[in-house]
Number of protein chains: 2
Amino acid sequence: MSAGWFRRRFLPGEPLPAPRPPGPRASPVPYQRPRFLRGSGSSPGAADASRRPGSRPVRSPARGRALPWNAGYAEIINAEKSEFNEDQAACGKLCIRRCEFGAEEEWLTLCPEEFLTGHYWALFDGHGGPAAAILAANTLHSCLRRQLEAVVEGLVATRPPMHLSGRCICPSDPQFVEEKDIKAEDLVIGALESAFQECDEVIGRELEASGQVGGCTALVALSLQGKLYVANAGDSRAILVRRDEIRPLSSEFTPETERQRIQQLAFVCPELLAGEFTRLEFPRRLKGDDLGQKVLFRDHHMRGWSYKRVDKSDLKYPLIHGQGRQARLLGTLAVSRGLGDHQLRVLDTNIQLKPFLLSVPQVTVLDVDQLELQKDDVVVMATDGLWDVLSNEQVAWLVRSFLPGNQEDPYRFLKLAQMLIHSTQGKEDGLTGEGQVSYDDVSVFVIPLHSQGQDSSGP
Amino acid sequence: MSAGWFRRRFLPGEPLPAPRPPGPRASPVPYQRPRFLRGSGSSPGAADASRRPGSRPVRSPARGRALPWNAGYAEIINAEKSEFNEDQAACGKLCIRRCEFGAEEEWLTLCPEEFLTGHYWALFDGHGGPAAAILAANTLHSCLRRQLEAVVEGLVATRPPMHLSGRCICPSDPQFVEEKDIKAEDLVIGALESAFQECDEVIGRELEASGQVGGCTALVALSLQGKLYVANAGDSRAILVRRDEIRPLSSEFTPETERQRIQQLAFVCPELLAGEFTRLEFPRRLKGDDLGQKVLFRDHHMRGWSYKRVDKSDLKYPLIHGQGRQARLLGTLAVSRGLGDHQLRVLDTNIQLKPFLLSVPQVTVLDVDQLELQKDDVVVMATDGLWDVLSNEQVAWLVRSFLPGNQEDPYRFLKLAQMLIHSTQGKEDGLTGEGQVSYDDVSVFVIPLHSQGQDSSGP
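Residues numbered from 1 in each chain as written. Chains lettered and ligands numbered in written order. Predicted model: local features only at pLDDT ≥ 70, side-chain atom pairs only at ≥ 80, totals over all residues. Heavy atoms only, no water.

Taking an unreviewed UniProt entry as the reference, chain A is identified by name as Protein phosphatase 1M belonging to Saguinus oedipus.

Now the structure itself:
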C-alpha cells in the first residue's frame, strides 16, 4: 500500500485512480462446502437448503479421511438465517519451498522441492453472501505459502539477516537486528499479516470481476517449526484446553472491541461519515428530548466516561451502535476486521465501510515445544456461533469430560467436534445441562497438540 | 475538540483559524521547585546551577512538613544536562465540592463546602525548558478538581445516571447504563482523561502568551473513594510493592511503544511528514548502498517483520529512529505522550510534532479496599531517571530491605525516597552493590497505602 493510497481511495477531493476498463464479467464464485467434506455422510451443497428447524444435519469428514494431525471437524448450517452455510473451512499441509539467490540479483527457485513443512487450519465466517468466505478458503493458504517462501532464508537462520541476501552492507547490521530483537518468529507473524492483506486484495478483485459482494472473518492456526501461530481477524475464537489450563489464543475484533481505533479514524477523517453519523458513543441513541441535557458519552481518546451537553449533531445515528451481539459499525456490520467488503456501503448512502475495516490479523504465538504436552491437550477453533452459546469454561469442560475416557478411539477428536456442535443445539446431552441454542452457522476444529504430525496418518 | 479541529490545525489546505491578535506578551513562567520543599535543607532555585558533579544535593521536604498519607519525597537535579531541574512535583488534598441542580437547568453551586475528599500526587518531567512542567504542577490538580466536580453526582450514585440531572428521558435509561456496565470508576477515569487535556490546553495558551516553549510528561496518583487511580502520559512509572508482589501501575509511552499509532497517523495523513521522513521502520537508517536490496521493515499494520526492496523514498530519515533510550520521534522527542510542545517543530523545518503526541493518559485502577494491606505496602512513583538505572525488582528489593526494620521511624518513607535517589547515583550503599549512575533529573514519591489518610497528620 502506498502512502497516499488510503486518501486516494476513501477521501473526497483526492484524485481517483483510473477506473478499470469494463471487461467481460467473470462467472460468479460457485457455492461449495470444504473439500475435505466430500464423500461425507450428509448431503452436500444446495441440499442444505432443504433443512427443517430441528433437523439440521451435523457434517464431518468421512471416516478414513484424516485431517492434519488427526484433527476433528464438524459443522452445522444456520436455522434458515441464510440460504447457504456462510461458514467455510480449509486445512492441509503447507509445503514451503526454498528459493536461492541466483544471478542478476533476482530470486530464482533453484531447488523447488519442499524445504519446510507447516500445517494449516482455517475458519471463515461469511456475511452478505458466501462468496468471500469461499474465495478465502480457496486462496489464503496459497498467499501464506507465497509469503513464507519469500522470507524462508530468514526463517531458518539463527536470526533473520538485515538483508535477505545475507550480505551485510554495514558491519554492524547483525547488531541492529539483535538490538531490535527480531526473530524468525517475527517473520512468520509478518507473513501471516501480509498473507491476510494479499488475500483481501484477491477477494476484492475477484468479487468485483464477478459482480458479487460480501466479506468474511478469518481465523488461522499455522504450525511451523515447533510453534503454533493463531491469526485472527474477526469474531471467531481459538482456545488452548489442557488439564489444568484454559488459554485464549485469540481475541475478537468487533465494533465494540475496536471502538477507539474506529472513532479515531472518524476524528481524523470526519468526511468518511458524510455528516450522517456521530462518532461519539452514548449509552443509547439520543433523541429530541435529550437536547440540552448533559448525558454520558465517550470520544475516541476516552476509556472512561464523561457527560456532555447534547446538541443537534449528537442526535445523528452513532458510528457504533448497539450492545454485545447487536453492536454494529455504521448500522451495518458486526465485525471490524476481516476480508472482503470492498463494495459495502451503508444502505441508501455512498458511505463506505471498508476504510474502517482492517484485514490484518492479530497473531498469537504458542511455543508448543516448550509445553509439557499431555495426550488430551487440544486447541479448539470455532466460529462465533459456538462461542455465542458456550463459554470457554463450558467448552473446556466438554473436552475434559470426553477425551480422557476415549483415548483409544481413533475418531475421538472428530466425535468431540461433533459433540461441541450438538451442544450448541440445546440438546440435553447430560454434559452442559439445559443448553442454549445457536441459530447461526457453527464450525469447529479440534486440533490435538500431542500428535503434532507424528500421528498425522490418522486412523 | 470538534470533529474538524485536527485537520484544521494540522493539515495543509484546510482553512486556518484566525490568528489571535498580538496582545502584550505575558511575563515568563518563573522557575521554582515544588512548594512543599520550601524550608527544606538544600538551597533552592538557581543555586541548583552551582552544583558540581558528584556533589549534587538530594532534596526532600523539611522534617515536620508532612505530605498526604505521610508519603516520602526526594529529588536530585541532573548532572549539568540542563541549567534547571526540569522535573516538577505536586501533591495535596483534593476537595471536591458538590453542585446541585438549580433553576433554569443550570448547575449552581448551592453547597460549596467539601463533599468528597481525594489525595493527589503528581510528577512532571519537563523537556525543552522547565516552563511546561511548572505550569502542569501548578494547574493539573485544579483541572482535575473541576472535572471531578462536574460529574460528582454520578460519582456518588450506585450507577452514574444517563443524564446528569438524574431525570430519565426513556424509562429504560438505567438499563442502557447497566448494559454498558458504566461505573462511578469510569467517571473518575474520564475526569482524569479530560483534566490532562484541559491542562494541555492551558499550557499551550500560557506558553504562547509568554513566548516560551517546552513540554512535559505527567504521572498522577489519585486516591478517591477507596481506589487509587494512576494516570500516566509519558515515560515516568509507578509500581505497587508488597511483601509478595510487584505490580506495575503504569506503562511507558514512547515512540517505540506507540509505533503503530504514530505510523498509522502518518499513513492516513502523509502530508504531516512533508515528504521529509519515511514512516517505515528499518533495523537501522538506510543508505545508498541498500538501494535495490531486500531489507527488514515494518509498516503501521505490522507487529511482525517482513522484507521489502529498498527504493529511494526509503532512504529518508525515519519517523521513529533509534533504539531504547535513544529512540526519537521525528528525530526530536523521546516521549509520545505528555503535555505542552504545541510549538515544537523539527529543527529547520515546518514539521510539527504535536499531531503525533497524545495528552490523554492511560489510567490504571487499584482497588485498595480489596487488598489485604500490610504496613509496608507502598506505591513508588518516579521519573525515568530512576527507572533507567533501577529495575522494578531492584526498587522492590530496596523497599523490602528498608521498611520492615524501620516501622517505628516516622520519617521512614522520606528516608526510603532519599535512599532510592542515592541508589541512582552509583553510591555503594551495601544494598544494590555496584550501582549505575543516572545523569538525569530524578524525582520519587513513596506512598504508603496502609495509612490511607488515617495517619495523614504525619510525624
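Below, the discussion takes up the packing of aromatic side chains. Counting across every chain of the model gives 12 aromatic pairs over all chains. Taken together, the aromatic side chains of F36(A), Y73(A) and F445(A) make up a single cluster linked through ring pairs. In this arrangement the basic side chain of R63(A) is found over the ring face of Y411(A), its NZ or CZ atom lying 4.6 Å from the centre. The cationic tip of R337(B) hangs over the ring face of F253(B); the distance from NZ or CZ to the ring centre is 4.0 Å. (Phe/Tyr/Trp six-rings, centres within 6.5 Å; stacked < 30°, edge-to-face > 60°. Lys NZ or Arg CZ within 6 Å of the ring centre and 35° of its normal.)

A few words on the environment of D314(B). All names here are of chain B. Structurally, D314 can be placed in the loop between β11 (306–309) and β12 (317–318). Judged by relative accessible area, D314 falls into the buried class, the value being 2%. Separated by 107 residues in sequence, D314 and L207 have C-alpha atoms that sit 36 Å apart. If sequence neighbours within four positions are ignored, D314 has contacts with T278, L280, F282, L286, K308 and R309. Polar side-chain contacts of D314 include one of 2.6 Å to the side chain of K308. (Helix = DSSP H or I, 4+ residues; strand = E, 2+ residues; numbered from the N terminus. Buried < 20%, exposed > 50% of the residue type's maximum accessible area, 1.4 Å probe, protein only. Contact = heavy atoms within 4.5 Å. Polar contact = N/O pair within 3.5 Å; in protein donor to acceptor, adjacent residues only side chain to side chain.)

Our next topic: the relation of the copies chain B and chain A. Of the transformation superimposing chain B on chain A, the axial component is 0.0 Å and the angular component is 180°, with the fit at an RMSD of 0.0 Å. Both copies are brought into coincidence by an operation consistent with a two-fold rotation axis. Minimal C-alpha distance to the rotation axis in chain B is attained by V268(B), lying at 4.2 Å. Most of the interface of chain B is mirrored in chain A, where 100% of its interface residues are also at the interface. (Least-squares fit on C-alpha atoms with pLDDT ≥ 70 in both.)

Here we come to the side chain of S82(B). Residue and element names in this part refer to chain B. Tracing the backbone through its elements, the reader meets S82 in the loop between β2 (72–76) and β3 (87–101). Of note is the side chain of S82, whose polar atom sits 3.0 Å from the side chain of N78. In this structure the side chain of S82 is engaged in a polar contact, spanning 2.7 Å, whose partner is the backbone oxygen of F84.

We now examine the packing of helix α2 (residues 131–150) of chain A against helix α5 (residues 184–210) of chain A. The description of two helices packed together rests on the angle between their axes and the distance between the axes. All names here are of chain A. The contact between α2 and α5 brings their axes to 8 Å, and the two run at 140°. One finds that α2 runs oblique with respect to α5. Handedness of the α2/α5 crossing: right-handed. Along its contact with α2, which presents A131, A132, L135, A136, T139, L140, C143, L144, R146, Q147 and L148, the element α5 presents V188, A191, L192, S194, A195, F196, E198, C199, V202, I203, E206 and L207. In terms of residue class, the contact of α2 with α5 is built from 17 nonpolar, 3 polar and 3 charged. (Axes fitted to C-alpha atoms, helices over the stretch in contact; angles between N-to-C directions. Parallel < 35°, antiparallel > 145°, perpendicular 65-115°, else oblique. Left-handed = near helix turned anticlockwise from the far one by under 90°. Nonpolar A, V, L, I, M, F, W, Y, C, P; charged D, E, K, R; others polar.)

Turning next to the sheet that holds strand β17 (residues 378–382) of chain B. Residues and elements named next belong to chain B. Taken together, 6 strands build an open sheet; the order of strands is β1-β2-β18-β17-β7-β8 and the sheet is antiparallel. Each of the sheet's edge strands pairs with one partner strand only, and the pair in question is β1 (58–59) and β8 (245–248). Of the strand pairs in this sheet, β2 and strand β18 (residues 442–448) are connected by 5 bridges, and their pairing is antiparallel. Its bridge partner lying in β18, E75 is registered against S443. Along the sheet, helix α8 (residues 392–402) makes contact with β7 (237–242), β8 and β17, crossing β7 at roughly 45°. (Pairing = 2+ DSSP bridges.)

Residues and elements named next belong to chain B. Two elements in contact, α8 and helix α9 (residues 412–423), have axes separated by 11 Å at closest approach and are oriented at 140°. As the angle between them shows, α8 and α9 are arranged oblique. The way α8 lies across α9 gives a crossing that is right-handed. In contact with V395, L398, V399 and F402 of α8, α9 contributes R412, K415, L416, M419, L420 and S423.

Moving on to the confidence of the model for chain A. Residues and elements named next belong to chain A. When pLDDT is averaged along chain A, the result is 89, and 86% of the positions lie at 70 or above. pLDDT under 50 marks residues 43–50. Its contacts with residues more than four places away, or in other chains, come to 10 contacts. Throughout residues 102–112 the model reports pLDDT below 50, and contacts reaching past four residues in sequence, or to other chains, amount to 22 contacts. If you check the scores for this complex, the pTM reads 0.90 and the ipTM reads 0.90. (pLDDT = per-residue confidence, 0-100.)

The next subject is the state of the cysteines. Covalently bonding the sulfur atom of one cysteine to the sulfur atom of another cysteine gives a disulfide. A complete count under the given rule lists 0 disulfides over all chains for this structure. Left unpaired, C91(B) is separated from the closest cysteine sulfur, that of C95(B), by 14 Å. (Disulfide = S-S within 2.5 Å.)

With that settled, consider the interface of chain B and chain A. Across the boundary between the two partners, chain B contributes 63 residues, which contact 63 residues of chain A. Carbon and sulfur atoms make up 58% of the area that chain B and chain A hide from each other, which totals about 5,700 Å². When the area that chain B buries against chain A is broken down by residue, the three leading residues are M162(B), K180(B) and Y307(B), summing to 12%. Taken together, chain B and chain A are joined by 4 salt bridges. For K180(B), the salt bridge is made with E281(A), and the minimal N-O distance between the two is 2.7 Å. The interface formed by chain B and chain A contains 26 residue pairs in polar contact (both at pLDDT 80 or more). Mapped by element, the contributors of at least two residues to the side of chain B that touches chain A are α1 (5–10), α4 (173–179), α5 (184–210), α6 (259–268), β10 (294–297) and β11 of chain B. (Buried area = accessible area lost by both parts, 1.4 Å probe. Salt bridge = Lys/Arg side-chain N within 4 Å of Asp/Glu carboxyl O.)

We now examine the sheet that holds strand β1 (residues 58–59) of chain A. Across a sheet, strands are paired by hydrogen bonds formed along the backbone, either parallel or antiparallel in direction. Residue and element names in this part refer to chain A. Reading across the sheet, the 6 strands line up as β1-β2-β18-β17-β7-β8 and stay open at both edges, with antiparallel pairing between neighbours. Looking along the sheet, the strands with just one partner apiece sit at the ends: β1 and β8 (245–248). Sheet analysis places strand β7 (residues 237–242) next to strand β17 (residues 378–382), joined by 5 bridges and oriented antiparallel. The residue of β17 that forms the bridge with I239 is V380.

All names here are of chain A. This model, assessed by the stated rule, comprises 52 salt bridges over all chains. Between K183 and D181 there is a salt bridge, with the nearest N and O atoms lying 3.6 Å from each other. Under the relative-accessibility criterion, K183 is labelled partly exposed at 33%. You can call D181 partly exposed: its relative accessible area is 39%. Of the charged contacts in the structure, one is a salt bridge between R284 and D290, with a shortest N-O distance of 2.9 Å. Its relative accessible area of 0% is what places D290 among the buried residues.

Attention now moves to unusual backbone geometry. Residues and elements named next belong to chain B. The residue E80 is not glycine, and still its phi comes out positive at about 65°. By the element assignment, E80 lies in the loop between β2 and β3. Positive phi, close to 65°, is recorded for D341, a residue that is not glycine. Within the fold, D341 resides in the loop between β15 (339–340) and β16 (362–366).

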